[in-house]
Amino acid sequence: MAVRQVAVVGAGPAGLAAAEAALSAGATVTVIESAEQPGGQYHRMLPRAYQATHPQRLQHHWRAFERRRRALLHPDCTWWPECTVWALEQAEPGMPPRVHVLDGSVDGTGRPRRVLEPDALVLATGVHDRVLPFPGWELPGVFTAGAAQALAKGERVVVGDRVVIAGTGPFLLPVAASLTEAGAGVLAVLEANRPATVLRGWASRPWELAAQVGKAAELAEYVVGQVRHKVPYAMGQAVIEARGDGRVEEVVIARVDPDWSVIAGSERTLAVDALCVSHGFSPQLELPMAAGCALTAAGFVEVDEDQRCSAPGVYAAGEITGIAGAPAAVAEGTVAGWFAAGGAPAAVSAARRRAAAGRAFARRLARAHPIGTAWPDWLREQTVVCRCEETTYAALCRAAGAPTREDPRAVRLATRAGLGPCQARICGQTVTEITARAREQADAPRAEPHRRPIAQPIRLGELAAPAAQAGPSDRPNMKESES
Amino acid sequence: MYGTRVVVLGAGIVGAACARELAEAGLEVTVIERDRPAGGTTSHGEGNVLVSDKGPGPELALTLLSMRLWPQVLAALADRGAADTAAVEWDPKGGIVVATTEDGAAELDRFAAAQRAAGVLVERLDSAALAAAEPRLTREVTAAFHYSGDAQVQPAGAATALLSAAVAAGATVRTGCEVLGGTVRGGRLIGVRTSAGAQDADIVVNATGPWSGDVSARIGAPIAVRPRRGEVLVTTPMPPTVFHKVYGADYIAAVGSGSAALQTSAVVESTRAGTILLGSSRRQVGFDDRLRPHVLSAIAVKALRLFPCLADTAVMRCYGGFRPYVDDHLPVMGPDPRLPGLWHATGHEGAGIGLSVGTARLLRQLVLGETPDIDTTAFRVDRPAVLGASNATTTHKERGLA
């Protein structure tokens, strides 16, 4: 049998594990990553220019990561950092899509186009923060928790001295930890869900499950960190408004019901210089959608126990299949890479078990930290929902309420919500939920907001230039690999 | 005709316009839409209301009728409320057609002269006037003509406004309701069977655009309307750069071509939101909507030939749709001679947005037995290009530049 060529998109924990497994199964591998360095969000590294002597500060599982990223130096592995997949083209029936790559960073110019035709494609593109809109959310000084953590981990930049972290999910804790480690002052961490909701979601023996996917120690460490830094952690509380003149100066905190309705009279204000919000994560679905992969009811990529997607030759791993943390992502990546390379099932049964446990963990996590349905009540008429196009809540409700404008596309065209430069990555889910609520529909279609056939912006000059077919060992930009 | 029950199939712009005309004429109108209003071809184009690409002939006559009607329609919508009119985003920006070769210039000259003789407002621009009108356009232009009649709408907004007007006039809209077949009694169509039950009708109007062929086959009287794929690139919002609808003369030949293979030509215009729309492509690939980078690349090549200054402009999305294509490039409207009770209003290819209001007016006049404003013989259902592939190879419409 000819050597299989595997393309891996994304060099976070899942993508690196996939590359490592595919190499050990005998495939040639190309790893495509938009950042300069491997690691993804979890192992976000300082830029090489910083020449950090202790790059592992603020990092977990650093040794395993160090080993895994050595896969990129393997003679059968081609490492394409700062490369952007702008399109996937479903060409041959039964084959994975062609991978159309721009050789250069996301905002580069004059980037040559290259096309890969792999035998199998592993998508490990991860997630970005989901942030619900609320009055004042567009003020400077309001960060996504992920961005604040990235600044701390990736630049050692501290977002403020009086920071509130709010939203839902266990990610609030590592963000608080990263921020305090980097020297920020964290006033409070607010989890909007109540203890009852969280406990019910975790069901029985949650710690055992966490231990299975390697998260228990990390969680325990965060809790210890919280205690050490005396950061107050409150549940059933939410930031429902940010205020300030040109910059966030105070936040309005309220106690909320299990559905996140504000308990009248519970509002109080707190002076801050930064606010970090996180309401879970949105998977980066444009590439899976372009490849023709089916999604689950919860809006993640559907995979079988071999991490196979519904589209032929396409595998998915990591958080695009569900949020379960880095160790689960590694297990999924191992399984995906191994099967993408045509490996025999027996060799990865342990990783397969870990991946299955990870999926169970993801389901519990999602149940424990749901998004309350009453959050749109926090909005005012003039609250901006789509920041690119400045579509207000009132405009959206008005458009969605027109009896002849049932089509979500017609609502978007009428309000321009989601049509701006971010292409609905920030507001897509929000707009869908507000539209459905305005019509009192329970099940709004989920897939449409993620349809972005052009997955990343491409300049007209780049598009007009002919593309080169890239072989498995082509190193387009000859960048020096990190060793 | 009061009490006549009309079922309009399709809530795209043509169906919406027909529903409005027929409901305002007092007929009992039900619109049946498989998916949702304006969710198909209508919302997947640029919103063209063009006279510039039409050579003398019946389609130009329909265009000129539509051009006369649009201001009346907009005024009527305005009477209903400001929101509807605003949603239409009517923009009489005018079109500029340019040739970049000497041969192209000569052909464009002849084409424009013939249009002028047929009543089209068209004005030749010298290089100074062109530079004033489109300062960022390439200077490598051999001829340029300005068409003050060309306009653009936000097509989903226009269709929605027309449909709302139909509802206000008494029409009913049933969405998520797919036509499964026709109910025929005594050789006459007396209703349709749908995924949501039966719907009686004295008249059924097939306005399902590129799906008209399939829908008519389900009803038992197939017509040869096929999908022709097109793609549009959308740039990130930018400062004003393109002020008219600007397109290359080869667009007219591509529109008139009968080839199934890829045709591309440059069509460049901006929208109110600041984005620039870049077209166009034509392919016959059935309903295959998969992304084809080589098609997008071909569009980019042609667009840059007209506007080299856009080379570093980022394309942030693309969309594509299916035009309802007929071999002789003429719309289909009127009764189906094979099945009394069945009517068609379809086959406008890429011109359905602009031609919707004229088509609806003519359909109303035909249904009511009035003399239509223009001769509709060329659009009749009973012609070889419509009634079957066996007859469809003979006639190709004569077009100015084709």
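One structure accompanies this document, and this report is about it.

Calculation rules
- Residues numbered from 1 in each chain as written.
- Chains lettered and ligands numbered in written order.
- Predicted model: local features only at pLDDT ≥ 70, side-chain atom pairs only at ≥ 80, totals over all residues.
- Heavy atoms only, no water.
- Pairing = 2+ DSSP bridges.
- Helix = DSSP H or I, 4+ residues; strand = E, 2+ residues; numbered from the N terminus.
- Axes fitted to C-alpha atoms, helices over the stretch in contact; angles between N-to-C directions.
- Contact = heavy atoms within 4.5 Å.
- Buried area = accessible area lost by both parts, 1.4 Å probe.
- Salt bridge = Lys/Arg side-chain N within 4 Å of Asp/Glu carboxyl O.
- Polar contact = N/O pair within 3.5 Å; in protein donor to acceptor, adjacent residues only side chain to side chain.
- Core = buried A, V, L, I, M, F, W, Y, C linked by side-chain atoms within 4.5 Å.
- Buried < 20%, exposed > 50% of the residue type's maximum accessible area, 1.4 Å probe, protein only.

Before going further, it helps to spend a moment on the sheet that holds strand β8 (residues 172–174) of chain B. All names here are of chain B. Read across the open sheet, the six strands follow the order β8-β2-β1-β12-β19-β18; overall the sheet is mixed. Both outer strands of the open sheet, β8 and β18 (332–335), are each paired with one neighbouring strand and no more. Strand-to-strand twist of the sheet, defined as the mean angle between neighbouring strand axes without regard to direction, takes the value 20 degrees. In the sheet, strand β1 (residues 5–9) pairs with strand β2 (residues 28–32) via five bridges, with the strands oriented parallel. Directly across from Val6, in β2, lies its bridge partner Val29. In the packing of helix α10 (residues 352–367) onto the sheet, contacts are made with β12 (203–206), β18 and β19 (342–346), and the angle to β19 comes to roughly 165 degrees.

Before going further, it helps to examine the interface of chain A and chain B. Put simply, an interface is often sized by how much accessible area is lost when its parts join up. Residue-level contacts link 35 residues of chain A with 38 residues of chain B. Taken together, both faces of the contact between chain A and chain B bury some 3200 Å²; the carbon and sulfur share is 59%. Across the contact surface, chain A and chain B share one salt bridge. Notably, a salt bridge pairs Arg292(B) with Glu89(A), separated by 3.6 Å at the nearest N-O pair. Viewed at the interface, chain B and chain A are joined by 10 residue pairs in polar contact (both at pLDDT 80 or more). Of all elements in the fold, only β4 (83–89), α12 (408–415), β21 (458–459) and α14 (460–464) of chain A reach the threshold of two or more residues within the side of chain A that touches chain B.

What follows deals with the nonpolar core. Counting 77 residues, the largest nonpolar core has Val6(B), Val8(B), Leu22(B), Val29(B), Leu62(B), Tyr147(B) and Val205(B) as the members making the most contacts within it. Here the element with the most residues in this core is helix α2 (residues 58–80) of chain B; it accounts for nine residues. Setting aside anything within four residues of it in sequence, one finds Leu62(B) in contact with Pro331(B), Met333(B), Leu355(B), Gly358(B), Thr359(B), Leu362(B), Ile374(B) and Phe379(B). Listed in part, the 39 residues of the second largest apolar core include Val131(A), Ala254(A), Trp260(A) and Val431(A).

Here the focus is the pattern of salt bridges. Pairing between side chains of opposite charge can happen when the charged atoms of each approach one another. A complete count under the given rule lists 43 salt bridges over all chains for this structure. For Arg416(A), the salt bridge is made with Glu389(A), and the minimal N-O distance between the two is 3.3 Å. Of the two residues, Arg416(A) sits in the loop between α12 and α13 (428–439) while Glu389(A) sits in the loop between β19 (384–386) and β20 (391–392), which places them 27 residues apart along the sequence. We note a salt bridge from Arg124(B) to Asp109(B), for which the minimum N-O separation is 2.9 Å. Of this pair, Arg124(B) sits in strand β5 (residues 123–124) while Asp109(B) sits in helix α4 (residues 102–117); the two residues are 15 residues apart in sequence, bridging distant segments of the chain.

Keep in mind these values describe shape, not function.
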